[in-house]
Amino acid sequence: MLSALVITFNEADNLPDLLEGLAFADEIIVVDSFSTDSTAEIIKKYPKATFVSRHFHNFSDQRNYALSLAKNNWILFTDADERIPKSLKEEIENELQHPGDTVAFAIRRQFYFEDKPLRFSGYQSNKAIRLFHKEFGLYDKNKLVHEVPIVTGKIKLLKNKLDHYSYKDKVSYQKKIDSYAQLRAQELFLQGLHPNAFHFYLKPAYRFFRHFFIRLGFLDGKNGYTMACLEAVGVKKRYQYLKALYRSE
């Protein structure tokens, strides 16, 4: 038995395709952070879907809350901008029939830039644990963003990929990296890190260099260059927000 979990905020454009792809799950739970678009209305049209409103504190906290609502042991966590292709759905169903001693499955992700696949740019080897048995997995409460479940047990890598439409347009992506930067700054603040010139200049420059050159972003052309720039901007914003936290203290 499988529970599909999603956390959302103003995802009306993404939800129809996502929910259609999750229809094979036994239940769908969407924990929403009081969206102001038609997110709630769309979710309520799906009989399998349960809609819950809850204030957002950070990603790990919200995911663990969604996890607590699941009725089934096996959990499939997806983001609203991700899609489950038919091949992946069939593989998940087959694996869950006889999981053996496997308690979690990692899934590779195919990133898309305005509906065009990014073949390189640092995303070619990206994978994440999205399918796991809830008795053996929980999100680290100290990770406010870029959260991953802590799994105690055997992890298996699935063959088929999850489609991730991470970049729809520049404005929405900038909003995403800005919110991530704020949460990452809070993490670093709690760790007591004080930013300096290295963090403000060298780390963003290296992030661009890594994505565009080391991770072959130049082979993705203009899209690869744009993503490398945005990655660098996200790093710089992180330390700007961190500096602001110390000023406010």
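Chains are numbered independently. Their residues run from 1 in the order of the written sequence. The model is predicted, so local features are restricted to residues of pLDDT at least 70 and side-chain atom pairs to those at 80 or more, both for listing and for counting; the totals for chains, interfaces and linings are taken over all residues. Think of the side-chain values as coming from all heavy atoms in the structure, minus any hydrogens and water.

A.B. asks: Looking at this structure, how should I read the environment of F120?
C.D. replies: Secondary structure counts use DSSP, requiring at least four H or I residues in a row for a helix and at least two E residues in a row for a strand, with both numbered from the N terminus. Within the element layout of this structure, F120 appears in the loop between β7 (116–117) and β8 (127–133). Since its relative accessible area comes to 26%, F120 is described here as partly exposed. Those residues in contact with F120 that sit more than four places away from it in its chain are R215, L216, G217, L219 and D220. Each residue gets one of three labels from its accessible area relative to the maximum for its type: buried under 20%, exposed over 50%, partly exposed in between, using a 1.4 Å probe on protein chains only. Contact criterion: two residues are considered in contact whenever any of their non-hydrogen atoms come within 4.5 Å of each other.

A.B. asks: In this structure, what is going on with the packing of aromatic side chains? I would like to understand it.
C.D. replies: Aromatic ring pairs are described here by two measures, namely the spacing of the ring centres and the angle between the planes. Aromatic rings from Phe, Tyr and Trp, taking only the six-membered ring of Trp, are treated as a pair when their centres fall within 6.5 Å; an angle between ring planes under 30 degrees marks them as stacked, one over 60 as edge-to-face, and anything in between as tilted. Following the criterion strictly, the structure yields 17 aromatic pairs and no others. Arranged with centres 3.9 Å apart and planes meeting at 10 degrees, the rings of F113 and Y167 form a pair that is stacked. Taken together, the residues span a long stretch of sequence, with F113 in strand β6 (residues 102–113) and Y167 in strand β12 (residues 162–167) at a distance of 54 residues. Look at F212 and F213: their rings are 5.1 Å apart centre to centre, the planes differ by 85 degrees, and that puts the pair in the edge-to-face class. By relative accessible area, F212 is classed as buried at 14%. Through a chain of ring-to-ring contacts, the aromatic side chains of F208, F209, F212, F213, F218 and Y225 assemble into a single cluster.

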